[in-house]
Amino acid sequence: MRDVYGIAAFRSRQQVLRFEDALQREGVAASVMTTPRAVALGCGLSVRFRIENAERVRAVLRRENPGNLIGLYRVEQSGERTSLSPMER
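Residues numbered from 1 in each chain as written. Predicted model: local features only at pLDDT ≥ 70, side-chain atom pairs only at ≥ 80, totals over all residues. Heavy atoms only, no water.

A. Summary view of the nonpolar core. Residues Ala 8, Phe 10, Phe 19, Leu 23, Val 47, Val 57 and Leu 72 are the most contacted members of the largest nonpolar core, which totals 20 residues. If you list the elements that add at least two residues to this core, you get strand S1 (2-10), helix H1 (13-25), strand S3 (45-50), helix H2 (54-64) and strand S4 (69-78). Leaving out residues up to four positions away in the same chain, Val 47 has contacts with Gly 6, Ile 7, Ala 8, Phe 10, Val 16, Phe 19, Glu 20, Leu 23, Ala 30 and Ser 31. Membership of the second largest hydrophobic core comes to 8 residues, among which are Ile 7, Met 33, Ile 70 and Tyr 73. (Core = buried A, V, L, I, M, F, W, Y, C linked by side-chain atoms within 4.5 Å. Buried < 20%, exposed > 50% of the residue type's maximum accessible area, 1.4 Å probe, protein only. Helix = DSSP H or I, 4+ residues; strand = E, 2+ residues; numbered from the N terminus. Contact = heavy atoms within 4.5 Å.)

Below, the structure written as structure tokens:
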């Protein structure tokens, strides 16, 4: 089974929690998760969101302008294999 989703990776746990809250206030389903090893930067936590909501996530990013953002990534998991690619902001 293949799972595709987006993450927003930050250098600060506080920013992760603030951004998750900002997304949820906008009605965008989001959750905090452990950052995939492929990113290997930051605080170890990221905000997970449905890939279909990427444009809404970008809009919240532009409006909120959170500090410490490492980047947005598209994550594809198939079995035990995980691939990660940067998303344009």
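B. Up close: the layout of surface pockets. The computed volume of the largest pocket comes to approximately 160 Å³. Lining the largest pocket are Tyr 5, Met 33, Thr 35, Pro 36, Arg 37, Ala 38, Gln 77 and Thr 82. Classifying every residue of the lining of the largest pocket gives 4 nonpolar, 3 polar and 1 charged. (1 Å grid on protein atoms, 1.4 Å probe; cavity = no way out; pocket = protein on both sides within 12 Å on 5 of 7 lines; lining within 4 Å. Points joined across faces, edges and corners; volume = space filled by probe spheres on them. Nonpolar A, V, L, I, M, F, W, Y, C, P; charged D, E, K, R; others polar.)

C. Expanded view of the packing of H1 against H2. Two elements in contact, H1 and H2, have axes whose closest approach is 10 Å; the angle formed by their N-to-C orientations is 120 degrees. Like other packed secondary-structure pairs, H1 and H2 cross with a definite hand, here right-handed. Across the interface between the two elements, Phe 19, Ala 22, Leu 23 and Arg 25 from H1 touch Val 57, Val 60, Leu 61 and Glu 64 from H2. Considering only residue class, the contact of H1 with H2 consists of 6 nonpolar, no polar and 2 charged. (Axes fitted to C-alpha atoms, helices over the stretch in contact; angles between N-to-C directions. Left-handed = near helix turned anticlockwise from the far one by under 90°.)

D. Expanded view of the pattern of salt bridges. Within this structure, the stated rule accounts for 9 salt bridges. Residue Glu 76 pairs with Arg 2 through a salt bridge whose shortest N-O separation is 3.7 Å. On the criterion of sequence distance, the pair formed by Glu 76 in strand S4 and Arg 2 in strand S1 is long-range, its members being 74 residues apart. A cluster of three or more residues bridged by salt bridges with shared partners is formed by Asp 21, Arg 25, Glu 26, Arg 63 and Glu 64. (Salt bridge = Lys/Arg side-chain N within 4 Å of Asp/Glu carboxyl O.)

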